[in-house]
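Close look at the chain arrangement
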Amino acid sequence: MARAFSYLLITFSFFTVVSLAQSSPSASLLLPPPHAGSLPAMLLPLFLSPPNASRTSSGPRRLLQRSNARMGLYDDLLLRGYYTTRLWIGTPPQRFALIVDTGSTVTYVPCSSCQQCGTHQDPKFQPELSSTYQPVKCNLDCNCDNEKVQCVYERQYAEMSSSSGVLGEDVVSFGSLSNLEPQRAVFGCENEETGDLFSQRADGIMGLGRGDLSLVDQLVDKGVVSDSFSLCYGGMDVGGGAMVLGGISPPTDMVFTDSDPVRSPYYNIDLKNIHVAGKPLLLNPRVFDGKHGTVLDSGTTYAYLPEEVFLAFKDAIMKELHSLQKIRGPDPNYNDICFSGAGSDVLELSKTFPAVDMVFSNGQKLSLSPENYLFRHSKEHGAYCLGVFQNGKDPTTLLGGIVVRNTLVTYDREHSKIGFWKTNCSELWERLHKSGAPPPMPSAPNGKNSTAEIPPTLAPTKAPHYVLPGELQIGEITFDIIFNVSYSDLEHHITELAKFIADDLEVNPSQVHLLNFTPNGNDSLIRWAIFPADSSNYISNATAMNMIARFAEHQVELPGTFGSYKLVRWSIEPLAKRTWWQQNYPIVLIAIIGTLLIGLSASGMWFIYRNRQQKLTAYKPVNAAVPEQELQPI
């Protein structure tokens, strides 16, 4: 299921959320289909239960030992329209890739009994293989199936997508990042999917909204985490990121704004103005308080502003871009505002595009980099387009995931506030020291940072096995991968396979090298190496982590003819420190050749000069014999 890419009029509809404690109406924020040529899009917005349905009124929380679950994020906001995380359900654990959805109050995955579920990233959940699974039996607080045996759920969306199934309870594990013990939780076991839910690559949804079935709420009610969670989305060039279920110690320079749960059914922030290049937009602050106010929805792709705000923002941006040329957008069906001539280096964009500040009612400011309001033009190199659009005639201000790229966003529901901290989300585990981030992986004895694939455990405590220690300049990444295709069947398709891998990792095929290819029973074991591009001396940490994560988490998409694969081992070679001779031998060779050429030229010129001098001063002795001259006829 892809998130919303388009920027047309936002509509609102209401549907019923079935819970164990009660059934209450809730709002759903929906966007129309995406740009032509992109994946189908569906927006699952942020959702808050009405104040009178809040869990806090049901009694005090149990004060147990609290921890948190640290989980990696994968995929890319603009390419797929969503971010996913990994969740393991059952005993033994069955793994699922779930869309991180702050607008859903139910976590659900396809069930083995589902006859109308699409083909997704992982196999369907098989309750019969889990020794800890229990169905949620029909009771007065839930909707029941026709036989009045089991609780059921149903989610419907305006663009005709839907998910329905039964409710079950099982052990949920949070992966190798988490120091939170596995917990029993209620989730949906899908029996039917339609629309985008059917066609998406991700397996299902992880619900982070407020409600009795929300995974966050269930963990909070157990007293194992505080009433808070955090998301950190990757930047323009690097996808992925991090998520924390439970509280963290906020950095001292984190910027906070109030988030009043009574104000609207969505996570809102108290925005009062926007500054462009240090200059405030000439707007009445109340313009940001229309209808649902200013809604922060990390599941929406772009940002959508009321008409008055959008026009002022667009004009202020364009006044600062004197050196760039305005061009047409990548999709002729939309009037995107795009500019060429800015270059391809994201770090250099701030020299061309102005800084933007969001000013909150408490006087604090959140500074936005160009990557927080731009997206790359897909058809012209070095061109960018505004990722901020007019929200039709809707007075709601909707801030999507693009606004919080490379920003740690903490949803502190316990204290009704939201915090923002600018950081490199792909390296969050190394930078967020105050939250007790896991230590880096130790180096292997051979000097390489190497590890076999780590299976999910019931008490994971380690850092992700593809987090690299420190900032390295990497000269080579090696992967040992098993394909469940026989050696003889795969032998003649190695070159084709290398090209598919290069395309999926977005590297040049010349960077992918085959090191070893051997049979492994009925499978094939292949060792690949990826080297830096010709235009670069090394591979960055973030790029290497992204490549390793894609293999480790089965994100590399290959045609079915290559079967399935498993990452057995990976290793990295830091860029070797070159000797003085290795660093300077081209210059030395050029100097030697130049000296030889100059010497040979000088020698040649001296030889020619000597010959000429000899001819000019040549003489004949008096008694020298002189040949007779032939007389010409008269």
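Residues numbered from 1 in each chain as written. Predicted model: local features only at pLDDT ≥ 70, side-chain atom pairs only at ≥ 80, totals over all residues. Heavy atoms only, no water.

Heads up, the rule is: UniProt positions are given in the numbering used here, feature names are shortened, and annotations may be inferred rather than shown by experiment.
For the protein chain, an unreviewed UniProt entry supplies the name Peptidase A1 domain-containing protein and the organism Juglans regia. Per UniProt, the protein chain has the following entry under Sequence similarities (unreviewed entry): "Belongs to the peptidase A1 family."

**So, the state of the cysteines**
Note on terminology: disulfide describes a covalent bond linking the sulfur atoms of two cysteines. Counted only if it meets this: Cysteine sulfur atoms that pair up within 2.5 Å are treated as a disulfide. In DSSP terms, a helix is any run of H or I states spanning at least four residues, a strand is any run of E spanning at least two, and both are numbered starting from the N terminus. Summary of the burial criterion: residues with accessible area below 20% of their type's maximum are buried, those above 50% are exposed, and those between are partly exposed, where the area comes from a 1.4 Å probe applied to protein chains only.
Under the criterion given, the structure shown has 6 disulfides. Note on cysteine connectivity: Cys138 is disulfide-linked to Cys144, with sulfurs 1.9 Å apart. Between Cys138 and Cys144 the disulfide shows an S-S torsion of about 90°. By sign, it is right-handed. Note on cysteine connectivity: Cys338 is disulfide-linked to Cys385, with sulfurs 2.1 Å apart. A torsion of 100° about the S-S bond marks the disulfide between Cys338 and Cys385 as right-handed. A residue pair is termed long-range when its members are at least 10 positions apart, and Cys338 in strand S22 (residues 338-340) and Cys385 in strand S26 (residues 384-386) qualify at 47 residues. Cys338 sits in the buried class, given a relative accessible area of 0%. Here Cys385 falls in the buried class, since its relative accessible area comes to 0%. Across the protein chain, the way the bonded cysteines pair up, counted in sequence order, is 1-8, 2-3, 4-6, 5-7, 9-12, 10-11.

**What to know about helix H6 (residues 494-505)**
The periodicity of an α-helix, 3.6 residues per turn, causes residues three or four positions apart to be oriented the same way. So the rule is basically this: Here, expected helix span is obtained from the residue count minus one, scaled by 1.5 Å. Each C-beta atom gives one direction from the helix axis, and the arc is the one those directions make. We call two residues in contact when some of their heavy atoms are within 4.5 Å.
Between its first and last C-alpha atoms H6 spans 16 Å; for 12 residues at 1.5 Å apiece the expected length is 16 Å, and the two agree. Those residues of H6 that sit buried are Ile494, Leu497, Ala498, Ile501, Ala502, Asp504 and Leu505. Across the axial projection of H6, the buried residues extend over an arc of 165°, all falling on one side. Contact partners of the buried residues in H6: strand S32 (474-483), helix H5 (487-490), strand S33 (512-520), strand S34 (523-530) and helix H7 (541-552). Positioned one or two residues after H6, Glu506 has a phi angle of 60°, which is positive.

**What to know about the nonpolar core**
To keep it simple, the criterion reads: Among the buried residues, those of types Ala, Val, Leu, Ile, Met, Phe, Trp, Tyr and Cys that are joined through side-chain atoms within 4.5 Å form a nonpolar core. In this document the domain limits rely on a domain assignment from an automatic tool or a database.
Phe174, Leu245, Phe313 and Phe353 are the most contacted members of the largest nonpolar core, which has 91 residues in total. For this core, the element with the most residues is helix H3 (residues 307-319), which contributes 5 residues. Two domains share this core, each providing at least three of its residues, namely domain 1 (69-225) and domain 2 (247-433). When neighbours within four sequence positions are excluded, Phe313 is seen to be in contact with Ile274, Val276, Leu281, Leu305, Val356, Tyr373, Leu386 and Val388. Listed in part, the 32 residues of the second largest apolar core include Phe483, Ile494, Ile526 and Met547.

**Focus on the sheet that holds strand S19 (residues 294-296)**
Strand pairing in a sheet relies on backbone hydrogen bonds, with the paired strands running either antiparallel or parallel. The cut-off we apply is this: If DSSP finds at least two bridges between two strands, the strands pair. Throughout, an axis means a line fitted to C-alpha atoms (over the contacting stretch in the case of helices), and angles, computed between N-to-C directions, take values from 0 to 180 degrees.
Pairing in this open sheet of 5 strands is mixed, and the strands run S16-S19-S28-S20-S27 from one edge to the other. Two strands lie at the open edges of the sheet, namely strand S16 (268-269) and strand S27 (388-390), each paired on one side alone. Seen against the sheet, H3 touches strand S20 (303-305) and S27 and runs at an angle of roughly 135° to S27.

**Here's the deal with the side chain of Thr294**
Here is the rule: Polar contact is the term for a pair of N or O atoms within 3.5 Å; when the atoms are in protein, one must be able to donate a hydrogen and the other to accept it, and sequence-neighboring residues count only if both atoms are side-chain atoms.
Looking at where Thr294 falls in the secondary structure, it is placed in strand S19. Classification of Thr294 by relative accessible area gives buried; the value is 1%. At 3.0 Å, the side chain of Thr294 forms a polar contact with the backbone oxygen of Phe288.

**Some words on the pairing of strand S4 (residues 84-89)**
A regular strand carries its side chains on alternate faces of the sheet. Counting buried positions over the 6 residues of S4 gives 6, a clear majority of the element. Residues of S4 alternate between two faces, with Thr84, Arg86 and Trp88 on one and Thr85, Leu87 and Ile89 on the opposite face, all of them buried. Relative to strand S5 (residues 94-101), S4 runs antiparallel, the two being bridged by 6 bridges. Bridge assignment links Thr84 to a residue of S5, and that residue is Ile99. Connecting the antiparallel pair S4 and S5 is a turn made up of 4 residues, with Gly90 showing a positive phi of about 100°. Relative to strand S10 (residues 162-173), S4 runs antiparallel, the two sharing 2 bridges.

**Some remarks on the pairing of strand S9 (residues 151-156)**
Note: strand S8 (residues 143-144) against S9, 2 bridges, orientation antiparallel. Its bridge partner being in S9, Asn143 is matched across the sheet by Val152. Hairpin connection of S8 to S9: 6 residues between the antiparallel strands, including Lys148 at a positive phi of 60°. Note that S9 and S10 share 5 bridges and pair antiparallel. Each residue of the ladder has a partner; that of Arg155, found in S10, is Ser163.

**Regarding the packing of H6 against H7**
Counted only if it meets this: For classification, angles of less than 35 degrees are called roughly parallel, those exceeding 145 degrees roughly antiparallel, those between 65 and 115 degrees roughly perpendicular, and all remaining angles oblique. Two helices that cross are described as forming a left-handed crossing if the nearer one is turned anticlockwise from the farther one by less than a right angle, and a right-handed crossing if clockwise.
Packing of H6 against H7 brings their axes to within 11 Å, and their N-to-C directions diverge by 120°. When the interaxial angle is binned, H6 and H7 end up oblique. Classified by chirality, the crossing of H7 by H6 is right-handed. Of the residues in H7, those in contact with Ile501, Asp504 and Leu505 of H6 are Met547, Arg550 and Phe551.

**Some points on the pattern of salt bridges**
How we decide: One side-chain nitrogen of Lys or Arg within 4 Å of one carboxyl oxygen of Asp or Glu is enough to make a salt bridge.
Under the definition given, this model contains 12 salt bridges. With its nearest N and O atoms 3.5 Å apart, the salt bridge here joins Glu320 to Lys279. Here Lys279 lies in strand S18 (residues 279-280) and Glu320 lies in the loop between H3 and strand S21 (325-327), a separation of 41 residues in the sequence. The class for Lys279 is exposed, based on a relative accessible area of 51%. Each of Asp217, Asp227 and Arg413 takes part in salt bridges that share partners, so that together they form one network.

**What to know about the packing of aromatic side chains**
The following threshold applies: When the centres of two rings from Phe, Tyr and Trp lie within 6.5 Å, Trp using its six-membered ring, the rings pair. Their planes under 30 degrees apart give stacked, over 60 give edge-to-face, and anything left gives tilted. Two limits define a charge over a ring: the Lys NZ or Arg CZ must be within 6 Å of the ring centre, and within 35 degrees of the ring normal.
Per the counting criterion, the structure on display carries 21 aromatic pairs. Considering the side-chain rings of Phe229 and Tyr411, the 4.6 Å spacing of their centres and the 10° angle between planes classify their relative orientation as stacked. Taken together, the residues span a long stretch of sequence, with Phe229 in strand S13 (residues 228-233) and Tyr411 in strand S29 (residues 407-412) at a distance of 182 residues. Of the two residues examined, Phe229 and Tyr411, each falls in the buried class. The interplanar angle of 70° and the centroid separation of 6.4 Å between the aromatic rings of Phe339 and Phe353 together place this pair among those described as edge-to-face. Remark: Phe353 occurs in the loop between S22 and strand S23 (356-360) and Phe339 occurs in strand S22; sequence separation between them is 14 residues. Take Phe353: its relative accessible area is 3%, and that puts it in the buried class. An aromatic cluster is present here, built from Phe96, Phe125, Tyr133 and Phe187 joined pairwise through their rings. Positioned above the aromatic ring of Phe256, the side-chain terminus of Lys417 is 4.3 Å from the ring centre.

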